[in-house]
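Here's the letter readout for the chains.
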Amino acid sequence: MIQIDEKIYFYLLFIIPVMVVIFVLLLIWKKRAQKKFADLHLFKRLTPTKSSFKSILKFIVFILGLALLIVGLANPKIGTKLETVKREGVDIVFAVDVSKSMLAEDIAPSRLDKAKRIVSEIISQLGSDRIGIIAYAGQAYPQLPITTDYGAAKMFLQGLNTNMLSSQGTAINQALDLASTYYDDDEQTNRVLFIISDGEDHSEGATSSAVEKAIDQGIKIYTIGVGTEKGAPIPIKRNGVLESLKKDLQGEVVITKLNKDVLEDIADDGNGQYIDGANTSDAVSIIKDELNKMDKTEFEAKQFSEYKDQFQWFIGAGLFFLFLDIFLLDRKTKWLQKLNLFNEKEVE
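Heads up: these notes are all about the structure in this document. Nothing here was measured: the structure is a model prediction, and the numbers come from that model. What you see as residue numbers is a count from 1 along each chain, following the sequence as written. In keeping with the model being predicted, local features are shown solely for residues with a pLDDT of at least 70 and side-chain atom pairs are shown and tallied solely at 80 or more, while totals for entire chains, interfaces and linings include all residues. With hydrogens and water set aside, each side-chain value is computed from the structure's full complement of heavy atoms.

## Quick look at the sheet that holds strand E7 (residues 219–225)
Here is step 1 of the chain: Two strands qualify as a pair provided DSSP detects at least 2 bridges between them. Secondary structure follows DSSP: runs of H or I at least 4 residues long count as helices, runs of E at least 2 residues long count as strands, and numbering of each begins at the N terminus. On the basis of which strands lie adjacent, the open sheet formed by six strands has the order E5-E4-E3-E6-E7-E12 and mixed pairing. At either margin of the open sheet sits one strand with a lone partner, and together these are strand E5 (140–147) and strand E12 (274–276). Put simply, the sheet's adjacent strands are angled 20° from each other on average, direction ignored.
Here is step 2 of the chain: Summarising the sheet, strand E4 (residues 130–136) and E5 pair through five bridges and their orientation is antiparallel. Bridged to Ala135 within E5 is Tyr141. Axis definition: a line fit to C-alpha positions, over the contact stretch in the case of helices; interaxial angles, taken between N-to-C directions, run 0 to 180 degrees.

Have a look at this one:
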């Protein structure tokens, strides 16, 4: 397990591509200047020990040393001791709708971005609960199994998009069925499922039976609505640029609306609550209050308890390469010249 103390120093790595561009431009300028001064044959006779390869090698060594120093400043740590700890919490699964209708921008910047923001904020408010993530559209796909690794959860969350599932449409029953397989602790008395969606559902009566199945397994279902009842068109973009709006078979622009009634029915039948996701802070506050009311079940989790600094290795290696760069000369090395590795012809 790797932990980074000062991630802000990684921004210094952006200096490296800038330096590479400057170095390449400098090489181009030197080559043009040399051509103006003398032709290539004459220039080689005037500078017989000049090595173009060594100057590039010096630059690579310098950049490598600089990169290692920057990584050292960030102070990476490696977990050295894995131990089992006891925690108390609730098992929570987030089922996020990734159907095309979630691209609608009636809630800025889009319904899907809003959904991810809400889930991310909820995770930030959690203490010792276990969480899992499901993505669903016409089918459901497991993204993250039940875990206490909130960092991994946020990483998988940010990767959610409407192109990740080939089967389009919206089948909430698929998410419910998959969620039922997520809870691996038979002793956990509080199992919570949050469905974050605009409420479009093409599974018809299958959703009701899926809700009943979830209830039988002790799962409490909350729904979070993202979107407006007025609705909005579904934009089709390429590289962030709007190309067109989604149309139906008759050529009419499709307007997708928040189906609040569907989400309210699921929450009522699932012994949970419907939550309006229009205001992120309000939604998160309601959810936090609901979770705090629940009894916490004790469970065991493995985690790294001791981390050792590793910055010294990177700093040491970085200084080595920087010192090596100082002692590397631009001129050709005699013994390498004798080996003639690059099949260079002697200039007469």
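## A short note on the nonpolar core
Here is step 1 of the chain: In this structure, Ile92, Phe94, Phe194 and Ile196 are the most contacted members of the largest nonpolar core, which totals 35 residues.
Here is step 2 of the chain: Listing elements by their share of this core, those giving two or more residues are strand E3 (91–97), helix H4 (111–125), E4, helix H5 (150–158), strand E6 (191–197), E7 and helix H9 (280–293).
Here is step 3 of the chain: Counting residues per element, this core draws most heavily on H4, at six residues.
Here is step 4 of the chain: By definition, residues are in contact when any of their heavy atoms lie within 4.5 Å. Excluding its chain neighbours within four sequence positions, the residues that come into contact with Phe194 are Ile92, Val93, Phe94, Ala95, Tyr222, Ile224, Ile287 and Leu291.
Here is step 5 of the chain: In terms of nonpolar packing, the next biggest core, distinct from the first, is built from 21 residues, Ala95, Leu176, Ile221 and Ile266 among them. What makes a nonpolar core is a set of buried Ala, Val, Leu, Ile, Met, Phe, Trp, Tyr and Cys residues whose side-chain atoms join them at distances within 4.5 Å. For every residue, the accessible area obtained with a 1.4 Å probe (protein chains only) is divided by the maximum for its type, and the residue is called buried under 20%, exposed over 50%, and partly exposed between those limits.

## Looking at the environment of Ser55
Here is step 1 of the chain: Relative to the helices and strands, Ser55 resides in helix H3 (residues 52–73).
Here is step 2 of the chain: Here the alpha-carbon distance between Ser55 and Leu328, two residues 273 residues apart in the chain, equals 8.7 Å.

## Re the pairing of E3
Every other side chain in a regular strand lies on the same face of the sheet, so the side chains alternate between the two faces.
Here is step 1 of the chain: Burial of E3 is extensive: seven of the seven residues sit out of reach of the surface.
Here is step 2 of the chain: Of the two faces of E3, the one holding Asp91, Val93, Ala95 and Asp97 and the one holding Ile92, Phe94 and Val96 are both buried throughout.
Here is step 3 of the chain: Note: E3 against E4, seven bridges, orientation parallel. In the sheet register, Val93 faces E4, and the bridge partner there is Gly132.
Here is step 4 of the chain: Viewed with both strands pointing away, a crossover whose connecting path from the first strand over the helix to the second turns clockwise is right-handed. Regarding topology, H4 serves as the crossover connection from E3 to the parallel E4, and that connection is right-handed.
Here is step 5 of the chain: Where E3 meets E6, six bridges bridge the pair, whose relative direction is parallel. Within E6, the position partnered with Val93 by the bridge is Leu193.

## Thoughts on H4
Here is step 1 of the chain: Under the 1.5 Å per step criterion, the end-to-end length of H4 is 21 Å for 15 residues, consistent within 8% with the ideal 21 Å.
Here is step 2 of the chain: Taken together, the buried positions of H4 are occupied by Arg111, Leu112, Lys114, Ala115, Lys116, Ile118, Val119, Ser120, Ile122 and Ile123. Under the convention used throughout, the expected extent of a helix is 1.5 Å for every residue step, that is, one less than its residue count.

## Quick look at the pattern of salt bridges
Here is step 1 of the chain: Salt bridges are defined by distance alone: a side-chain nitrogen of Lys or Arg within 4 Å of a carboxyl oxygen of Asp or Glu. By the definition in use, this model includes nine salt bridges.
Here is step 2 of the chain: We note a salt bridge from Asp106 to Arg111, for which the minimum N-O separation is 2.8 Å.
Here is step 3 of the chain: In this structure, Asp198 engages Arg111 in a salt bridge whose closest nitrogen and oxygen atoms are separated by 2.9 Å. Of this pair, Asp198 sits in the loop between E6 and helix H7 (206–216) while Arg111 sits in helix H4, and the two are 87 residues apart along the sequence.

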